[in-house]
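# Inside the fold
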Amino acid sequence: MYCLSLLEFNYSSIAGHLLLKKGKQNAMLAIIMLQSVTPTTYIAAHRTDPPPNQVITTDPRNILLRHFYQKSENKLRPKRAAVDNLAPQNGKQPRGPGGGSQSSTRS
Amino acid sequence: MPVASRVPLPASHHRFLTGTRPPSSLSHLTSLLRHSHHSPSGSPCPKIHHHRPQIPSPGLPAAATPAPPAIPQHRTKQARLPRPPADLLSPADELSGARACDAAATAVMAGFFRTGNLTSRVFDRQCFSPRPGATVNTVRQFYENLVPSYTIYDIECPDYSFRKFTDDGKYLVAFSRNHQDLIVYRPIWLTFSCNEECDSHDLPAKAKRFDSFFKQLYSISLASSNEYICKDFFLYVACHQYGLFATSTAQSNDSGASEGAIHGVPSIEKITFHLVRLEDGAILDEKAFRNDFINLAHSIGAYLYEDLLCIVSLRYQTIHILQIRDSGNLVEVRRIGAFCQEDDELYLHSHGQVAQGSSFLPGIKQRLLSFIFRKTWNEEPDQALRVQHLKKKFYFHFQDYVDLIIWKVQFLDRHHLFIKFGSVDGGVSRTTDQNLAFFAVYNMETTEIVSLYQNSSEELYSLFETFYDHFHANPQNSLHGNFISSHANNVHALDQLRTIKNKASSSSQFVKKMMSPLPYTCQSQSPSPYFDLSLFRYDEKLISAADRHRHCTEHPIKFISVKQPNVVKFKIKPGSDAGSSDGRAKRISSFLFHPFFPLALSIQQTYMQATVVNVHFRR
């Protein structure tokens, strides 16, 4: 009921406004057009069903813990990819402690 | 069928709502209708939803209405009543409409409320809904208007040491001077009646009593003859209204070496934790630790998370996890230290290898060392250099790692602990920032260490800066407890932090200093909205949310409004009205703020003189 009242209010105020400014004919034309136009509905062209075995769960860990786990997984995962990059430098000095700002080393 | 009630709107609202510029295009009309579905029936004011952009509905015949104008981009992201197309307005109308539109936008932009006037704010609260999820922050702005500006100096009160208001505001906890009794008050508000003509400027003398504000509920004796209540220790279980107190016998520094105890840590003959139902003073349960040492100052040695309590025994290097049952019993559910899993001890005994002395390192130490080993192992991808790397990083420091002890523990959630490890000499006293320390995240269920950081780690600092609130998030916090200002939830606090960071000479020293409060001390900050940094500015050295004793100054402590930078909203002056004649005596003051009433106590203690208690409230 409230939305109806808003609609009437708007129509009347639009009509009143148009009447004052632009004359009677334009006001009537505007009201007729506003009342006859209905918005079209959108129908999807593809299937919108979710995948059959989809289960959405909430991660019980809070975001701080997720960051801790993520960072530690990154560190504990052995760096296989880096071996290829380091191959040409094998004969030179080994990786020093300078690259270990993120590791728990004694300063 | 609900009937729309007619409430006379203030004139300014009328113009704002009905407007001189009605929405004229159908797209805006349909979006307004969509919003109107959410408003409660009976309210004549359309709710203005600040965050929803106006989505033009597709499929309109282009010839019917002129193309809808772009939503005017205000400086805040608020969707407003749209401006009508140009051909419907005369030029003069458009200008005045634009000016009115911008003026209203500026006012709303300055805050949710348009003015500082209390009545106008109440009207605004009727008509506008706050941003989604920001209801408490918005409503808190009323605390700018309701401030504890009136002070009763040197109120006559019993000679107790007042400890704290509970976080739900129902009790005030105090201890007797001989540290053996617990006295609990209920905060009430003053009421008085006058027979003769009351002075409108001042309260009658009979109203200015301690009893007007606090009603004593009971006084019980917690400590027996040779024990003393630890004045600094108090934890509150809000859901059941239980209070946890600690009594201890005198501390003896000559600790005889006993099995499992580490050297360098003093010993206390008996520490007892009492669980008291604050409603009626019934002592529900007690848990005693003998010949042990638990850091009781400021509740550092214990952490409460929902119904789990972790107590760190420094002497035996054990973390006791206790559960507070609904019935009021304290039940030990886990003991982490020598053994991590519950059946470790049984397993080792059954395999007959623990017979001779302590050949095994404690369980948690083993987890720590294995984690460091695996991390160091994975750092070096080259197999040939791996052993060298291990020698340098791990075996060289092996004994130092073994000598680390647990200093402090907190819960991150029900299964994860955040443990601070350090060297023996720094553990007992208030630590300096220079000592080396490690922070570990330990999963109690899998008994694995998830991650380990040094206390100067930039990575941990970045997590600290962004997610600081998760270090003390407690789902059972009272409504106000979740809104304690910190640099993670308040832009002013973040500015202060950034300023300190930019001024810091050494980055690692700065990080160590910032990390020193971690792990967080449970219930150490007052949830009072008067400490909210988005509402008030105050001198953090003189007063802050953390309940610590501070040095007194002669001048009152000013609370300045953030929105109006020159307006002092209220002042807190500890000590007597006339000031103290003796400027040399050492005076310390402490402040107790009620969680949500405009009521505060300031307690000034002077060496060898009487304690002065002031009551600050809103008259």
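Criteria and cut-off values
- Residues numbered from 1 in each chain as written.
- Chains lettered and ligands numbered in written order.
- Predicted model: local features only at pLDDT ≥ 70, side-chain atom pairs only at ≥ 80, totals over all residues.
- Heavy atoms only, no water.
- Helix = DSSP H or I, 4+ residues; strand = E, 2+ residues; numbered from the N terminus.
- Buried < 20%, exposed > 50% of the residue type's maximum accessible area, 1.4 Å probe, protein only.
- Areas by Shrake-Rupley, 256 points an atom, 1.4 Å probe, with all protein chains shown as cover.
- Axes fitted to C-alpha atoms, helices over the stretch in contact; angles between N-to-C directions.
- Parallel < 35°, antiparallel > 145°, perpendicular 65-115°, else oblique.
- Left-handed = near helix turned anticlockwise from the far one by under 90°.
- Contact = heavy atoms within 4.5 Å.
- UniProt positions renumbered as here; feature names shortened; annotations may be inferred.
- Domains from an automatic or database assignment.
- Buried area = accessible area lost by both parts, 1.4 Å probe.
- Salt bridge = Lys/Arg side-chain N within 4 Å of Asp/Glu carboxyl O.
- Expected span 1.5 Å × (residues − 1).
- Arc of directions from axis to C-beta.
- Core = buried A, V, L, I, M, F, W, Y, C linked by side-chain atoms within 4.5 Å.
- Phe/Tyr/Trp six-rings, centres within 6.5 Å; stacked < 30°, edge-to-face > 60°.
- Lys NZ or Arg CZ within 6 Å of the ring centre and 35° of its normal.
- pLDDT = per-residue confidence, 0-100.
- Pairing = 2+ DSSP bridges.

### Overview of the overall build of chain A
- Helices and strands together make up the secondary structure of chain A, namely four helices and zero strands.
- Traced from its N-terminal end to its C-terminal end, chain A shows the element sequence α-α-α-α.
- Across the 107 residues of chain A, 21% fall into the buried class.
- By element, 57% of the accessible surface of chain A is carried by carbon and sulfur atoms, the whole surface being about 8300 Å².

### Let's talk about the overall build of chain B
- Along its length, chain B carries 14 helices and 26 strands.
- Out of the 619 residues in chain B, the part that is buried amounts to 50%.
- When the accessible surface of chain B is split by element, carbon and sulfur atoms take 53% of a total near 29600 Å².

### Some words on the packing of helix α8 (residues 363-379) of chain B against helix α9 (residues 383-395) of chain B
Residue and element names in this part refer to chain B.
- Running from N to C, α8 and α9 point in directions that differ by 140 degrees, and their axes come no closer than 9 Å. On the basis of the axis angle, α8 is oblique to α9. Here α8 and α9 pass one another in a crossing that is right-handed. Residue-level inspection shows Leu369, Ile372, Phe373, Thr376, Trp377 and Glu379 of α8 in contact with α9, the latter providing Arg386, His389, Leu390, Lys393, Phe394 and Tyr395.

### Points about the UniProt feature "domain: DET1- and DDB1-associated protein" (unreviewed entry) in chain A
- Look at the UniProt record and you will see "domain: DET1- and DDB1-associated protein" (unreviewed entry) annotated at residues 36-73 of chain A.
- Secondary structure content for residues 36-73 of chain A is 32% helix and 0% strand, and the end C-alpha separation is 62 Å.

### Some words on the domain arrangement of chain B
Residue and element names in this part refer to chain B.
- Under the domain assignment, chain B is made up of domain 1 (147-158 + 524-619) and domain 2 (159-523).
- Each of domain 1 and domain 2 was reduced to a C-alpha centroid, and the two centroids are 27 Å apart.
- Taken together, the contact pairs 35 residues of domain 1 with 38 residues of domain 2.
- Summing the contributions of domain 1 and of domain 2, the shared interface buries around 3100 Å²; its carbon and sulfur component is 64%.
- Of all residues in domain 1, Pro158, Ser524 and Gln525 bury the most surface against domain 2, accounting for 20% of the area lost on that side.
- Applying the counting rule to domain 1 against domain 2 returns one salt bridge.
- For Arg163, the salt bridge goes to Asp547, with nearest N and O atoms at 3.3 Å.

### Some words on helix α3 (residues 63-76) of chain A
- The end-to-end C-alpha distance of α3 of chain A, which contains 14 residues, comes to 20 Å, matching closely the 20 Å that a straight helix rising 1.5 Å per residue would cover.
- Inspection of α3 of chain A places Leu64, Leu65, Phe68, Tyr69, Ser72, Lys75 and Leu76 of chain A among the buried residues, and these make up the whole buried set. Buried residues of α3 of chain A, seen end-on, are gathered within an arc of 135 degrees and therefore sit on one face of the element.
- Lining the buried residues of α3 of chain A we find α8, β17 (416-422), β18 (437-443), β19 (448-454) and α12 (458-467) of chain B.

### Focus on the nonpolar core
- Within the largest apolar cluster, 82 residues are counted, with the highest numbers of intra-cluster contacts made by Phe68 of chain A together with Phe273 and Leu417 of chain B.
- With near-sequence residues (within four places) excluded, Phe68 of chain A lies in contact with Leu412, Phe418, Val441, Val450, Ser451, Tyr453, Leu460, Leu463 and Phe471 of chain B.
- Residues Ile152, Phe213, Val613 and Val615 of chain B belong to the second largest nonpolar core, which totals 22 residues.

### Considerations on the pattern of salt bridges
- The tally for this structure, following the rule as stated, stands at 22 salt bridges over all chains.
- With its nearest N and O atoms 3.4 Å apart, the salt bridge here joins Asp124 of chain B to Arg114 of chain B. One end of the pair, Asp124 of chain B, is in helix α4 (residues 118-127); the other, Arg114 of chain B, is in the loop between α3 (91-109) and α4, with 10 residues separating them in the sequence.
- Assessed through its relative accessible area of 32%, Arg114 of chain B is described here as partly exposed.
- Here Lys563 of chain B makes a salt bridge to Glu144 of chain B, at a shortest N to O gap of 3.4 Å. Here Glu144 of chain B lies in the loop between α5 (135-139) and β1 (150-152) and Lys563 of chain B lies in the loop between β22 (557-561) and β23 (568-572), a separation of 419 residues in the sequence.
- Given the relative accessible area of 6%, Glu144 of chain B is considered buried.
- If you follow the salt bridges from partner to partner, you end up with Asp59, Arg61 and Arg66 of chain A in one network.

### So, the packing of aromatic side chains
- The full count for this structure, using the stated rule, is 46 aromatic pairs over all chains.
- Between Arg61 of chain A and the ring centre of Tyr69 of chain A, over which it is positioned, the NZ or CZ distance is 4.4 Å.
- The ring centre of Phe289 of chain B lies 5.4 Å from the NZ or CZ of Lys287 of chain B, which sits over that ring.

### Some points on the confidence of the model for chain A
Residues and elements named next belong to chain A.
- Looking at chain A, pLDDT values average 65 and 40% of them are 70 or higher.
- Across chain A, the element-wise mean pLDDT spans from 46 in helix α4 (residues 80-86) up to 90 in α3.
- When the criterion is pLDDT under 50, residues 1-9 qualifies, and its contacts beyond four places in sequence or with other chains add up to 15 contacts.
- Here residues 81-107 is a poorly scored stretch, pLDDT under 50, and it has 31 contacts once near neighbours within four places are set aside; other chains count.

### Points about the environment of Ile406 of chain B
All names here are of chain B.
- Residue placement: Ile406 occurs in strand β16 (residues 405-411).
- Here Ile406 falls in the buried class, since its relative accessible area comes to 1%.
- Those residues within four positions of Ile406 in sequence are excluded, and the remaining contacts are Val312, Leu314, Gln317, Ile319, Ile364, Ile419, Lys420 and Phe421.

### Considering the sheet that holds β18 of chain B
- An order of β16-β17-β18-β19 (chain B) is seen for the four strands of this open sheet, with the pairing classed as antiparallel. Strand pairing shows two members of the sheet lacking a second neighbour, β16 and β19 of chain B, which therefore form its edges. Within this sheet the neighbouring strands show an average axis-to-axis angle of 25 degrees, counted without direction.
- Seen against the sheet, α3 of chain A touches β17, β18 and β19 of chain B and runs at an angle of roughly 85 degrees to β19 of chain B.

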